[in-house]
Amino acid sequence: MRIVALALAVLAGAAHADPPPPASGAVALLPLDADHSLEIYGQPVASEVARELVAGGVAVVVVGPKMEVPEGARLVVDGTIKLGKGDQVTLAVRIRDRTTGATLDKLDTSATLATIDRAASELAARVLPSVKARLAPPADTDSRHPPDPRRISPPAPVVAHVLATSVDGDPASPLRQGFATAFAAWTAHHAHWQVAGGGPASDGSIAISVLAYAVTPGAVPTARARVRVKIGHDFDRIVVTDTVVGDRGIADDKLAARTARAVLDIVEPHMRHALAAWR
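What this report covers is the structure whose coordinates are included nearby. Small disclaimer: the values here were computed from a predicted structure and weren't measured. (Residues numbered from 1 in each chain as written. Predicted model: local features only at pLDDT ≥ 70, side-chain atom pairs only at ≥ 80, totals over all residues. Heavy atoms only, no water.)

Our next topic: the pairing of strand β4 (residues 73-83). Most of β4 sits inside the fold, with eight of its 11 residues counted as buried. Both strand β2 (residues 33-34) and β4 contribute to a ladder of two bridges, which runs parallel. Each residue of the ladder has a partner; that of A34, found in β4, is I81. Bridge count for β4 against strand β5 (residues 88-97) is nine bridges, and the pairing is antiparallel. (Buried < 20%, exposed > 50% of the residue type's maximum accessible area, 1.4 Å probe, protein only. Helix = DSSP H or I, 4+ residues; strand = E, 2+ residues; numbered from the N terminus. Pairing = 2+ DSSP bridges.)

What follows is the structure, given as structure tokens:
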């Protein structure tokens, strides 16, 4: 009830005053995407996170359902509230880069409907240091002692294959192109990746087959995807994304690329276990 009251106070204040312009380095905070029976908690939990961030000296812009993510925000914080067995609830928060859409951190906690406010406070306290670490300027590197190139062994190559799956009307085509864009961004961070358009899976490869891709149009469109992912010979699973939220007026290819990145965010933790060559 405390976080519900907090959210009502925030929304009431917003109804009587124009929101301030986003500060440089601000965090855009979205309501959490909740199951239908838990929708009432989406904005209150986000407000609890906002309160913790503001108390920690972080500039926050709370983005309502009909608001755009401000251009000045460096990070976007969103998440989900999901109902488990009985009255069990899982709160999950995701911290993303505003420009690239890449997920930088994921935090979650479990609660019951009776303890959801306390769980929201504890989760918000964990979000604060993660956000502050990503807003902090990079530390200066010591150029007086550069690494000895003779001691650096090049990593083994990893091949990324994007495989097509035929479906009626081929609605999954934009997502396949989105993976091509997403893999290109990965190669910028993992120089040993080699991207191929198709081919069999091997010990050092990841293969993705697009099974379904659905876009819900609107002022702020959303998308969901279902894909089959094979990593080497030991990992073969179906991956289903949460709702991927676009921006107002976002192009179809940009939304598809953002959805592809959401799939890769789910897959990446498994890379370290399935591929010895992963760095």
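Another aspect to go through is the layout of surface pockets. Estimated volume of the largest pocket: approximately 1200 Å³. Mapped onto the lining of the largest pocket, the elements with two or more residues apiece are β2, α2 (42-55), β4, β5, β6 (103-112), β12 (244-245) and α5 (252-274). Broken down by element, the lining of the largest pocket gets its largest block of residues, six residues, from β5. In terms of residue class, the lining of the largest pocket is built from 19 nonpolar, 13 polar and 17 charged. (1 Å grid on protein atoms, 1.4 Å probe; cavity = no way out; pocket = protein on both sides within 12 Å on 5 of 7 lines; lining within 4 Å. Points joined across faces, edges and corners; volume = space filled by probe spheres on them. Nonpolar A, V, L, I, M, F, W, Y, C, P; charged D, E, K, R; others polar.)

Let us now look at α2. Helix length check: α2, at 14 residues, gives a terminal C-alpha distance of 20 Å against a target of 20 Å (1.5 Å per residue), a fit within 8%. Counting buried residues in α2 gives 11 out of 14 residues, a clear majority hidden from the surface. Within α2 the residues assigned to the buried category are G42, Q43, P44, V45, A46, S47, E48, V49, A50, E52 and L53. One or two steps after α2, the chain reaches G57, where phi turns positive at roughly 85°. (Expected span 1.5 Å × (residues − 1).)

Turning next to helix α3 (residues 116-135). Relative to the 28 Å expected for 20 residues at 1.5 Å per residue, α3 spans 28 Å between its end C-alpha atoms, a close match to the ideal helical length. All of the buried residues along α3 are I116, A119, A120, S121, L123, A124, V127, L128, S130, V131 and L135.

All told, the structure shown has one cavity of 30 Å³ or more when counted by the stated rule. Reported here for the largest cavity is a volume of approximately 60 Å³. Forming the walls of the largest cavity are D78, R94, R96, G101, T103, V244, V245, R258, A262 and D265. Looking at the lining of the largest cavity, the elements with two or more residues in it are β5, β12 and α5. Residues of the lining of the largest cavity, tallied by class, amount to three nonpolar, two polar and five charged.

Structurally, E52 is set in helix α2. Taking the relative accessible area as the measure of exposure, E52 reaches 18% and is therefore buried. Apart from residues lying up to four places away in sequence, E52 is in contact with A124, A125 and L128. Among the polar contacts listed, one links the side chain of E52 to the side chain of R51, at a separation of 3.3 Å. (Contact = heavy atoms within 4.5 Å. Polar contact = N/O pair within 3.5 Å; in protein donor to acceptor, adjacent residues only side chain to side chain.)

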